[in-house]
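# Architecture and fold: a report
Now for the letters of each chain:
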Number of protein chains: 2
Amino acid sequence: MIDVMPRRNFPSSELLGHRKPLGVVGGMGSFATAKFLEVLARKSRVERDQDHIPFICLSDPNIPDRSHAISIGSNAPLRQILERACWLEKAGCGAIAIPCNTAHLWATEIKQALSVKLIDMVEITRQAIEDSRGSEAHNLRSISLGTIASMQNGLYAGPNENDFGKECFCSLNKLQLDTIKLIADVKSGKVTEARDNLTKLVQAARSFDPDKIILACSELSAICGDLADDNDIVDPINILADACIDWWIAESQSPPDMLANRSWGQKR
Amino acid sequence: MIDVMPRRNFPSSELLGHRKPLGVVGGMGSFATAKFLEVLARKSRVERDQDHIPFICLSDPNIPDRSHAISIGSNAPLRQILERACWLEKAGCGAIAIPCNTAHLWATEIKQALSVKLIDMVEITRQAIEDSRGSEAHNLRSISLGTIASMQNGLYAGPNENDFGKECFCSLNKLQLDTIKLIADVKSGKVTEARDNLTKLVQAARSFDPDKIILACSELSAICGDLADDNDIVDPINILADACIDWWIAESQSPPDMLANRSWGQKR
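Residues numbered from 1 in each chain as written. Chains lettered and ligands numbered in written order. Predicted model: local features only at pLDDT ≥ 70, side-chain atom pairs only at ≥ 80, totals over all residues. Heavy atoms only, no water.

### With respect to the overall build of chain A
- Helices and strands together make up the secondary structure of chain A, namely 12 helices and seven strands.
- Burial statistics for chain A: of 268 residues in total, 59% are counted as buried.
- Taking all contacts inside chain A whose residues are at least 6 apart in sequence as the whole, residues at least 24 apart take part in 71%.
- In the structure as shown, chain A presents an accessible area of about 11300 Å², 47% of it carried by carbon and sulfur atoms. (Helix = DSSP H or I, 4+ residues; strand = E, 2+ residues; numbered from the N terminus. Buried < 20%, exposed > 50% of the residue type's maximum accessible area, 1.4 Å probe, protein only. Contact = heavy atoms within 4.5 Å. Areas by Shrake-Rupley, 256 points an atom, 1.4 Å probe, with all protein chains shown as cover.)

Here it is in C-alpha cells:
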C-alpha cells in the first residue's frame, strides 16, 4: 500500500447523517463524471430529493493522461488517483467509485490502498457480461471501444485475430484510431459532433458481427444516449451506477446497532 | 453567522494543487446537480481533462424541502445548507456554488456564514437580465417558472397583476401549478415526460407575451436542452456555470506569490 496522505485528523462527517456517502473520484474526464452522476440520479428512481444517494465527488482533473502513462510504462497517474480515493475515504465515504475505465488498469493497487470498497467497474462489467451469456460466455466475440491503453492491455479482453480473423485486423485498427479521436472530441467539448460519430463507429463495429460492443471509455458512455439500451451494447457506466445503487441499498439496510459503532470521518 | 461546524483540523488539501477548487453544494436535487456539473464541463471549452475546473461536490440530499419549509416559515434547510457549504470551505474550496434557486432565498445568511465567496446564482442572473436589457430593464415583463416559495417570495420578481393584467391572474396560477408538478416529475426521474411538458409550459408562458421566461428552478434547467438557447429564455444554471468559469479563470491568473501565502485546507 502506498501511503500518499499526511495523517491528520479529519473533521466530523456527522453532517452526512448516519450512513457513509459514496465517494466518486472524478475528473477523468469532467464531462464523463457529470454524466455518471446523472445516470446515478436517474437510475435511483426515488420520489424525493432526500432519498437520493449521498456522495462526495472530488474532481481534481490534474491527473496525467492515463493512457499515455501506461503506454510509456509510467505509473504517474496512480499516485494521484490514490490520493483522491484516500482523501474521499478519510472524508467519511463508505465506498469509492471511479467512472474511468482506463484507471481500472490499476484496480488492484487502488483496492490495496483503500480500507473501504472500490466498486470495481471493470470487474462488475465482466461479471455482467458473463451472467448475461451463461455457458456461452467464454466464446464471446466482443469489440471494446476505448483508449489505446485499455485496448492494448485487454481491459475487457478486446478483439484479437482469432476472434475475427486476420483479414479484419486492419479494419479493427482503424476502428481503434477513430475511437481515440472521438474520445478526444468529447474531452474537448465537441459533444454534438462526437455523438454522430459514435453512431457511425458502432455501425462500423457491428459490421464485424460481434456478440457485444463494450463502451470501454466513460467518454463514450457519456454521449451514447439510447444506444446503451441496445442488446449488443455494454455500457460499464450504467453497470457502475447500478452497483453503486445496490451498495447504497445494502448500506441503508444495515442494522442500526452496526451503524452506531461506526467511526464517522475516521479511517475504519 | 450561525456556527454549525465543530472546529477541528482539516486535512491538507495539497493534493488539490495550488489553486483552491470550486465547492458545489449538491443534492437539491441530485439530477439537477449532475446537469449543472455537465454544463460546467461543457462550457469550460478546454482541450484536455487536466484543464477542467477542479471541484468538490458534496451532495448529501437529506435537506428538508426548501419550498415547503419557507411556506411554513421554517428555516430548517438553512442549517443543513450552511453545514455543507462550511464543510466545503473547510475542505479547501475557494468559492461555493449552489445549483438550487430556492436555496438562494437564504443567500444573505449563507454569505454571512462563509469566509469564501458564494457565487450567488440569483444575483448574477438578475444582473445578466439587466445587462441584456439596458435602460429597459426596469420595465421588463418576465415570467418565472419555479417552486412555490421562489414565486411567492419574488426570487426573480415574477409576474404580478400590473405586468400582465388582472384577467391573466388565474392562467398564471395554472402555469405555476403545472410547474410544480413538472419539478416533482424531474426529481422522481420522469425525465422524458417532463421534457415534453416543459416545452408545453414554455409555450403557455409565451402566450402572455413576456420579455423573458426565467427557468427559476434547477430541475427545469436540467431538462431544458436547446430551449436555453432561445432569446427569451433565461437559464440561471447556465449563468452560474459561466460565473464559476470566470471565477476559476480569475483565480488561475492570481500572481503566484499571493497563492504561496494561502493556507491550504484552513479557513482564511
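There's plenty left to go through after this.
### Side note on the sheet that holds strand 6 (residues 212-215) of chain A
Residue and element names in this part refer to chain A.
- Reading across the sheet, the three strands line up as 5-6-7 and stay open at both edges, with parallel pairing between neighbours. One side of each edge strand has no neighbouring strand; the edge strands of this open sheet are strand 5 (142-145) and strand 7 (233-234).
- Running at roughly 145 degrees to strand 6, helix 9 (residues 191-206) makes contact with strand 5, strand 6 and strand 7 of the sheet. (Pairing = 2+ DSSP bridges. Axes fitted to C-alpha atoms, helices over the stretch in contact; angles between N-to-C directions.)

### Structural notes on the packing of helix 5 (residues 121-133) of chain B against helix 11 (residues 236-252) of chain B
All names here are of chain B.
- Between helix 5 and helix 11, the shortest axis-to-axis distance is 9 Å and the interhelical angle comes to 100 degrees. Taken together, the axes of helix 5 and helix 11 lie roughly perpendicular to each other. Here Met121, Ile124, Thr125 and Ala128 of helix 5 come into contact with helix 11, specifically with Pro236, Ile237, Ile239, Leu240 and Ala243.
- In terms of residue class, the contact of helix 5 with helix 11 is built from eight nonpolar, one polar and no charged. (Parallel < 35°, antiparallel > 145°, perpendicular 65-115°, else oblique. Nonpolar A, V, L, I, M, F, W, Y, C, P; charged D, E, K, R; others polar.)

### Observations concerning the nonpolar core
- Counting residues in each nonpolar core, the largest one holds 63 residues, and the members touching the most others are Leu22 and Phe36 of chain A together with Leu22 and Phe36 of chain B.
- Considering every element that reaches this core, the biggest residue donor is helix 11 (residues 236-252) of chain A, with nine residues.
- Setting aside anything within four residues of it in sequence, one finds Leu22 of chain A in contact with Leu40, Ile53, Pro54, Phe55, Ile56, Cys93, Ala95, Ala97, Ile119, Cys244 and Trp247 of chain A.
- Counting 54 residues, the second-largest nonpolar core is a separate cluster that includes Ile81, Trp106 and Ala149 of chain A together with Ile110 of chain B. (Core = buried A, V, L, I, M, F, W, Y, C linked by side-chain atoms within 4.5 Å.)

### Observations regarding the packing of helix 1 (residues 30-44) of chain A against helix 1 (residues 30-44) of chain B
- Interhelical geometry of helix 1 of chain A versus helix 1 of chain B gives an angle of 165 degrees and a closest axis separation of 8 Å. Comparing the axis directions of helix 1 of chain A and helix 1 of chain B gives the class roughly antiparallel. As for how helix 1 of chain A packs across helix 1 of chain B, the hand of that crossing is left-handed. Together, Ser30, Phe31, Ala34, Lys35, Leu37, Glu38, Ala41 and Arg42 of chain A of helix 1 of chain A and Ser30, Phe31, Ala34, Lys35, Leu37, Glu38, Ala41 and Arg42 of chain B of helix 1 of chain B make up the contact between the two elements.
- Taken together, the residues that form the contact of helix 1 of chain A with helix 1 of chain B break down as eight nonpolar, two polar and six charged. (Left-handed = near helix turned anticlockwise from the far one by under 90°.)

### Quick notes on the pattern of salt bridges
- Overall, the coordinates contain 32 salt bridges over all chains when judged by the stated rule.
- Between Arg66 of chain A and Asp49 of chain B there is a salt bridge whose closest N-O contact spans 2.6 Å. Residue Arg66 of chain A is found in helix 2 (residues 66-71), and its partner Asp49 of chain B is found in the loop between helix 1 and strand 2 (55-59); the two belong to separate chains.
- One salt bridge connects Glu123 of chain B with Lys111 of chain B, and the closest N-O pair in it is separated by 3.3 Å. Pair noted here: Glu123 of chain B is in helix 5 and Lys111 of chain B is in helix 4 (residues 107-113), with a separation of 12 residues, a long-range link.
- Each member of the salt-bridge network shares a partner with another, and the members are Lys35 and Glu38 of chain A together with Lys35 and Glu38 of chain B. (Salt bridge = Lys/Arg side-chain N within 4 Å of Asp/Glu carboxyl O.)

### Comments concerning the environment of Cys168 of chain B
- Note on placement: Cys168 of chain B falls in the loop between helix 7 (161-164) and helix 8 (169-187).
- Exposure remark for Cys168 of chain B: the relative accessible area of 14% places this residue in the buried category.

### Some thoughts on the pairing of strand 2 of chain B
- Here strand 2 of chain B lies mainly inside the structure; five of its five residues are buried.
- Side chains Phe55, Cys57 and Ser59 of chain B project from strand 2 of chain B onto one buried face, and the interleaved Ile56 and Leu58 of chain B project onto a second face that is buried too.
- Pairing geometry for strand 2 (residues 55-59) of chain A and strand 2 of chain B, over five bridges, is antiparallel. Looking across to strand 2 of chain B, one finds that Ser59 of chain A is bridged to Phe55 of chain B.
- With four bridges joining them, strand 1 (residues 22-25) of chain B and strand 2 of chain B adopt parallel strand pairing. Within the sheet, the bridge partner assigned to Leu22 of chain B lies in strand 2 of chain B and is Phe55 of chain B.
- In this region the chain leaves strand 1 of chain B, passes through helix 1 of chain B and returns to the parallel neighbour strand 2 of chain B; the handedness of that crossover is right-handed. (Right-handed = clockwise from strand over helix to strand, strands pointing away.)

### Some thoughts on unusual backbone geometry
- A cis amide bond links Met28 of chain A with the next residue in sequence, Gly29 of chain A, at an omega value of -10 degrees.
- Take Gly29 of chain A: it is sitting in the loop between strand 1 (22-25) and helix 1.
- With a phi close to 55 degrees, Asp209 of chain A is a non-glycine residue in the positive phi region.
- Mapped onto the elements of the fold, Asp209 of chain A is located in the loop between helix 9 and strand 6.
- Residue Asp209 of chain A is classed as exposed on the basis of its relative accessible area of 57%.
- Of note, the phi angle at Arg45 of chain B is positive, near 50 degrees, even though the residue is not glycine.
- The residue Arg45 of chain B is located in the loop between helix 1 and strand 2 in this model.
- We classify Arg45 of chain B as exposed; its relative accessible area is 70%.

### Brief notes about the packing of aromatic side chains
Residues and elements named next belong to chain B.
- Under the definition given, this model contains five aromatic pairs over all chains.
- Consider the rings of Phe164 and Phe208, whose centres lie 6.3 Å apart with planes at 75 degrees: the pair is edge-to-face. Of this pair, Phe164 sits in helix 7 while Phe208 sits in the loop between helix 9 (191-206) and strand 6 (212-215); the two residues are 44 residues apart in sequence, bridging distant segments of the chain.
- Phe208 gets classed as buried once you look at its relative accessible area, which sits at 14%. (Phe/Tyr/Trp six-rings, centres within 6.5 Å; stacked < 30°, edge-to-face > 60°.)

### Here we look at the sheet that holds strand 6 of chain B
Residue and element names in this part refer to chain B.
- What the three strands build is an open sheet, ordered 5-6-7; its pairing is parallel. In this open sheet, the two strands that pair with only one neighbour each are strand 5 (142-145) and strand 7 (233-234).
- Sheet topology places strand 5 next to strand 6; four bridges connect them, and they run parallel. Looking at the pairing, Ser144 lines up with Ile214 of strand 6.

### Focus: helix 3 (residues 76-90) of chain B
- For helix 3 of chain B, with 15 residues, the first-to-last C-alpha span of 22 Å sits near the 21 Å given by 1.5 Å per residue.
- Burial of helix 3 of chain B is extensive: 12 of the 15 residues sit out of reach of the surface. (Expected span 1.5 Å × (residues − 1).)

### Observations regarding helix 3 (residues 76-90) of chain A
- Every buried residue belonging to helix 3 of chain A is among Pro77, Leu78, Ile81, Leu82, Glu83, Arg84, Ala85, Cys86, Trp87, Leu88, Glu89 and Lys90 of chain A, and all of these are buried.
- Just downstream of helix 3 of chain A, Gly92 of chain A is the residue with a positive phi angle, here 110 degrees.

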